[in-house]
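Remarks on the overall topology
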Amino acid sequence: MLKKYKGKKGIDMNMKKIYKHLAKQYHTTPREIEEEIQKSILMAFTSPSDEETAAYQQSVPRKGDIPTPEELIRFMTEQIKAEQE
């Protein structure tokens, strides 16, 4: 699904579609979906399970202390693409 769009703007647009799809599937709002994903990221980044996880988390580019869902997904997408090359 992410292949369709390129660049930051494309991922952000795609995320809105993903949130909308998930919200419909789980009978909630796109905002609630985004908030729950952000809560999960916050929990993972504030209490990493081990040193390897903490090191990986530090490699994620982000504007603040905790990445947004878009920042994390963008990074992970780039990692997957690099591994496939």
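All figures in this text were calculated on a predicted structure; none of them were measured in a lab.

A separate point is helix α2 (residues 30-46). With 17 residues, α2 should reach 24 Å at 1.5 Å per residue; the first-to-last C-alpha distance of 24 Å fits that figure. Where α2 is concerned, the buried positions are Ile33, Ile41 and Phe45. Relative to the axis of α2, the buried residues are bounded by an arc of 100° and lie together on one face. The outward face of α2, more than 90 degrees from its buried face, is lined by the exposed residues Arg31, Met43 and Thr46.

Note that predicted coordinates carrying low pLDDT should not be read in detail. Summary statistics for the protein give a mean pLDDT of 86 and a share of 85% for residues scoring 70 or more. Highest mean pLDDT in the protein belongs to α2 (95); lowest belongs to helix α1 (residues 7-26) (79). Ignoring residues within four places in sequence, the model shows residues 1-7, a span with pLDDT below 50, making ten contacts including any to other chains.

The subject of this paragraph is the pattern of salt bridges. Summed over all chains, the structure comprises two salt bridges. In this structure, the salt-bridge partner of Arg31 is Glu35, at a minimum N-O distance of 3.2 Å. Within this pair, Arg31 and its partner Glu35 are both found in helix α2, separated by four residues, close to a single helical turn. Overall, the relative accessible area of 32% leaves Glu35 in the partly exposed class. A salt bridge links Lys39 to Glu36, with the nearest nitrogen and oxygen atoms 3.1 Å apart. Of this pair, Lys39 and Glu36 both sit in helix α2, separated by three residues, roughly a single helical turn.

The next thing to look at is the packing of α2 against helix α4 (residues 69-84). Helix packing geometry: the angle between the two helix axes and the distance between the axes. Look at α2 against α4: their axes get within 9 Å of each other, and the N-to-C directions meet at 70°. Taken together, the axis directions place α2 and α4 in an arrangement best described as roughly perpendicular. Every residue of α4 that contacts α2 at Glu34, Ile37, Gln38 and Ile41 is listed here: Pro69, Glu70 and Leu72. A class-by-class count of the residues in the contact of α2 with α4 yields four nonpolar, one polar and two charged.

How each quantity is defined
- Residues numbered from 1 in each chain as written.
- Predicted model: local features only at pLDDT ≥ 70, side-chain atom pairs only at ≥ 80, totals over all residues.
- Heavy atoms only, no water.
- Helix = DSSP H or I, 4+ residues; strand = E, 2+ residues; numbered from the N terminus.
- Expected span 1.5 Å × (residues − 1).
- Buried < 20%, exposed > 50% of the residue type's maximum accessible area, 1.4 Å probe, protein only.
- Arc of directions from axis to C-beta.
- pLDDT = per-residue confidence, 0-100.
- Contact = heavy atoms within 4.5 Å.
- Salt bridge = Lys/Arg side-chain N within 4 Å of Asp/Glu carboxyl O.
- Axes fitted to C-alpha atoms, helices over the stretch in contact; angles between N-to-C directions.
- Parallel < 35°, antiparallel > 145°, perpendicular 65-115°, else oblique.
- Nonpolar A, V, L, I, M, F, W, Y, C, P; charged D, E, K, R; others polar.

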